[in-house]
Amino acid sequence: MSNKSKPSAVFFRGDNRDGLPVVVTVTVGGNRGTGPCVGISIFDAFIFDHIRETCSDTMEARHKYLEHNKTPDGLKAACGGCIFGDIERAKKHDLGGCYAQLNFTTVMEAAGIIMNAKDNVPGFHLDVLSDILAGARGVGMRDFRSAIVGDTGILSEEVGTAIMDLVKSMGFSTLGYTHQWHRSPWLRDTHQASTQSARGNSYGMAHKAQSDGWGVFHVAAISVDTVDPKLTLCFKQDEKQKGNAANCQGCPEKCDGSGFQKVVFDHANGARLKKSRGLPMYQAA
């Protein structure tokens, strides 16, 4: 393992809820946006193995990972068909593509995890996850990110609940989002329903998730010029528009399934916040 890589390990290798093979890893680190945390990642087993077998460095792995993700079924096993995984589909609704899976810069983290993750054996190994969580807790980490890439909601109920039960039992709070909320009600008390605006229907999906009992993290396009009164602007974005640096560590309303209702505008790389029609309403308030 490279000295510069974040400590990572495979703790699940098997099928997702749709019968597609995946690999799930746990990583200690975090980033500027989340702050220090432990995170899991869900990968299509094909690209995970292909990169491990053929790539000699992380740069080569990054290219292959990005190429795979841009194929029609590239993100199906790991993400389940999220709208942000299809750039052209997202553009039709004035949205950007996935910042974690389809951006050349940010996929470096996923490529590094694939190249350096240890304990790559078949099956479900909660002891591996437990050991890494215990080590992170020993240095003061208390947040668990679900997920760095992929969607925990694409896992089976058995696997997903076992992961989250262990996380909660060890005293970690969750930074969790799932586009699979309509299929994964067992994540409701630890994750936000990840919803987004559609052309001509700015908040309909958020309202549907709310009616099903979810706290939401709603992504609104910059063309959305109204702010739903039931939603609160994401803490990081609110601070950013005020000129302040902030990350999830300082947020008083974490995305942890507690029922908070959030909206964020143009949640993509190179976000065009100054062109957003919705943010000035917050500024005027």
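Above this text is the structure in question.
Cut-offs used in this document
- Residues numbered from 1 in each chain as written.
- Predicted model: local features only at pLDDT ≥ 70, side-chain atom pairs only at ≥ 80, totals over all residues.
- Heavy atoms only, no water.
- Phe/Tyr/Trp six-rings, centres within 6.5 Å; stacked < 30°, edge-to-face > 60°.
- Buried < 20%, exposed > 50% of the residue type's maximum accessible area, 1.4 Å probe, protein only.
- Helix = DSSP H or I, 4+ residues; strand = E, 2+ residues; numbered from the N terminus.
- Lys NZ or Arg CZ within 6 Å of the ring centre and 35° of its normal.
- Disulfide = S-S within 2.5 Å.
- Salt bridge = Lys/Arg side-chain N within 4 Å of Asp/Glu carboxyl O.
- Core = buried A, V, L, I, M, F, W, Y, C linked by side-chain atoms within 4.5 Å.
- Contact = heavy atoms within 4.5 Å.
- Axes fitted to C-alpha atoms, helices over the stretch in contact; angles between N-to-C directions.
- Parallel < 35°, antiparallel > 145°, perpendicular 65-115°, else oblique.
- Left-handed = near helix turned anticlockwise from the far one by under 90°.
- Nonpolar A, V, L, I, M, F, W, Y, C, P; charged D, E, K, R; others polar.

> I keep staring at the packing of aromatic side chains and nothing clicks. Help me out?
Aromatic ring pairs are defined here through the distance separating the ring centres and the angle between the ring planes. This model, assessed by the stated rule, comprises five aromatic pairs. Ring geometry for Phe 43 and Phe 48: centres 5.8 Å apart, planes at 45 degrees, overall tilted. We note that Phe 43, like Phe 48, is buried. Where Tyr 177 meets Phe 217, the ring centres are 5.1 Å apart and the plane angle is 65 degrees; that geometry is what we call edge-to-face. Taken as a pair, Tyr 177 in strand 6 (residues 173–178) and Phe 217 in strand 8 (residues 216–220) lie far apart in primary sequence, 40 residues in all. A residue is classified by how much of its surface remains accessible, and Tyr 177, at 25% relative accessible area, is partly exposed. Among the aromatic residues, those joined into a ring-pair cluster are Phe 11, Phe 12 and Phe 124. Taking NZ or CZ as reference, Arg 62 lies 3.9 Å from the ring centre of Phe 104, over its face.

> How should I be thinking about the state of the cysteines in this particular structure?
Each disulfide is one covalent bond, formed between the sulfur atoms of two cysteines. A complete count under the given rule lists zero disulfides for this structure. Cys 55 takes part in no disulfide bond, and the closest cysteine sulfur, belonging to Cys 79, lies 19 Å away. Left without a disulfide partner, Cys 248 is nearest to the cysteine sulfur of Cys 255, which lies 6.7 Å away. With relative accessibility at 11%, the residue Cys 248 sits in the buried group.

> How should the pattern of salt bridges be read in this particular structure?
Where charged atoms of side chains with opposite charge meet at close range, the side chains can pair. In total, this model carries nine salt bridges according to the counting rule given. Between Arg 13 and Asp 49 there is a salt bridge; the shortest N-O distance is 2.6 Å. Note that Arg 13 is positioned in strand 1 (residues 8–15) and Asp 49 in helix 1 (residues 45–54), a separation of 36 residues in sequence. Overall, the relative accessible area of 22% leaves Asp 49 in the partly exposed class.

> What's the story with the nonpolar core in this structure? I'm lost.
Generally speaking, a soluble globular protein has its nonpolar side chains buried in company with each other. Ranked by size, the top nonpolar core spans 79 residues in total, and within it Phe 11, Val 38, Ile 42, Tyr 65, Leu 133, Phe 144 and Ile 163 carry the most contacts. Dropping the residues within four chain positions of it, Phe 144 is found in contact with Val 38, Ile 40, Leu 129, Leu 133, Ile 163, Met 164, Val 167, Phe 172, Ser 173, Thr 174 and Leu 175.

> In this structure, what is going on with helix 5 (residues 107–116)? I would like to understand it.
Since the α-helix advances by 3.6 residues per turn, residues separated by three or four positions end up pointing in the same direction. Along helix 5, seven of the 10 residues are buried, which leaves the element largely enclosed by surrounding structure. Regarding helix 5, the residues found buried are Val 107, Ala 110, Ala 111, Gly 112, Ile 113, Ile 114 and Asn 116. Tucked into the core, helix 5 has its buried residues touching strand 1, strand 2 (21–31), strand 3 (35–44), helix 1 and helix 2 (58–69).

> When you look at the environment of Leu 75 in this model, what are you seeing that I'm missing?
Here Leu 75 shows up in the loop between helix 2 and helix 3 (76–79). Residue Leu 75 is classed as buried on the basis of its relative accessible area of 9%. With 11 residues separating them along the chain, Leu 75 and Asp 86 place their C-alpha atoms 9.1 Å apart. If we ignore the near neighbours within four places in the chain, the residues touching Leu 75 are Asn 69, Gly 80, Gly 81, Gly 85, Gln 101 and Leu 102.

> Help me understand the packing of helix 2 against helix 5 in this model?
The relative placement of two packed helices comes down to the angle between their axes together with the axis-to-axis distance. For the pair helix 2 and helix 5, the least separation of the axes is 8 Å and the interaxial angle reads 110 degrees. In terms of axis orientation, helix 2 runs roughly perpendicular to helix 5. The way helix 2 lies across helix 5 gives a crossing that is right-handed. Of the residues in helix 5, those in contact with Thr 58, Met 59, Ala 61, Arg 62, Tyr 65 and Leu 66 of helix 2 are Val 107, Met 108, Ala 110, Ala 111, Gly 112, Ile 114 and Met 115. Split by residue class, the contact of helix 2 with helix 5 holds 10 nonpolar, two polar and one charged.

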